Amino acid sequence: MNLENYIQIEVYCKQTQTPLEFIDDLLEFDMIEVQRIDNKSYVQPHHIVEIERIYRLRNDLGINMEGIDTLNHIIKKVNRLEQELKMLRDRLTIYEH
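Here's what I pulled together on the structure shown here. (Residues numbered from 1 in each chain as written. Predicted model: local features only at pLDDT ≥ 70, side-chain atom pairs only at ≥ 80, totals over all residues. Heavy atoms only, no water.)

On to a negative patch on the surface, then. There is a patch of like negative charges on the surface, built from E21, D24, E28 and E66. Considering each element in turn, the negative patch owes the most residues, 3 residues, to helix α2 (residues 20–28). For E21, the location among the structural elements is in helix α2. Exposure remark for E21: the relative accessible area of 53% places this residue in the exposed category. (Patch = residues over 30% accessible without salt bridge, like charges linked within 9 Å, V, L, I, M, F, W, Y side chains within 5 Å. Areas by Shrake-Rupley, 256 points an atom, 1.4 Å probe, with all protein chains shown as cover. Salt bridge = Lys/Arg side-chain N within 4 Å of Asp/Glu carboxyl O. Lys, Arg positive; Asp, Glu negative; His and termini not counted. Charge placed at Lys NZ, Arg CZ, Asp CG, Glu CD. Helix = DSSP H or I, 4+ residues; strand = E, 2+ residues; numbered from the N terminus. Buried < 20%, exposed > 50% of the residue type's maximum accessible area, 1.4 Å probe, protein only.)

Right, let's get into the packing of α2 against helix α3 (residues 45–61). Any two packed helices are characterised by the angle at which their axes cross and by the distance between the axes. Where α2 meets α3, the axes come as close as 11 Å, and the angle between the chain directions of the two elements is 105°. One finds that α2 runs roughly perpendicular with respect to α3. Contacts between α2 and α3 involve F22, I23, D25 and L26 on the former and, on the latter, I51, I54, Y55 and R58. Grouping the constituent residues of the contact of α2 with α3 by class yields 6 nonpolar, no polar and 2 charged. (Axes fitted to C-alpha atoms, helices over the stretch in contact; angles between N-to-C directions. Parallel < 35°, antiparallel > 145°, perpendicular 65-115°, else oblique. Contact = heavy atoms within 4.5 Å. Nonpolar A, V, L, I, M, F, W, Y, C, P; charged D, E, K, R; others polar.)

The following block contains the structure:
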């Protein structure tokens, strides 16, 4: 595995002053994926964006992890519905001409 494509969790938490317990909460709710290599935890960079988004929701807005989990499910469903709507609109334009 190429570690250049991963960020070590402990280093990230130390640099950003993010508690490791917060990462444990994210893992408990399956909000991020972590790779274990040589007894160290790593994440892909796109998960950092998700970690920071969820951290802001929890700390700035005071939303608990259960609420964030619910919001994530709603956002995913809305995104799927938007994609489906776009696909249906594209199909419809074929028949309008």
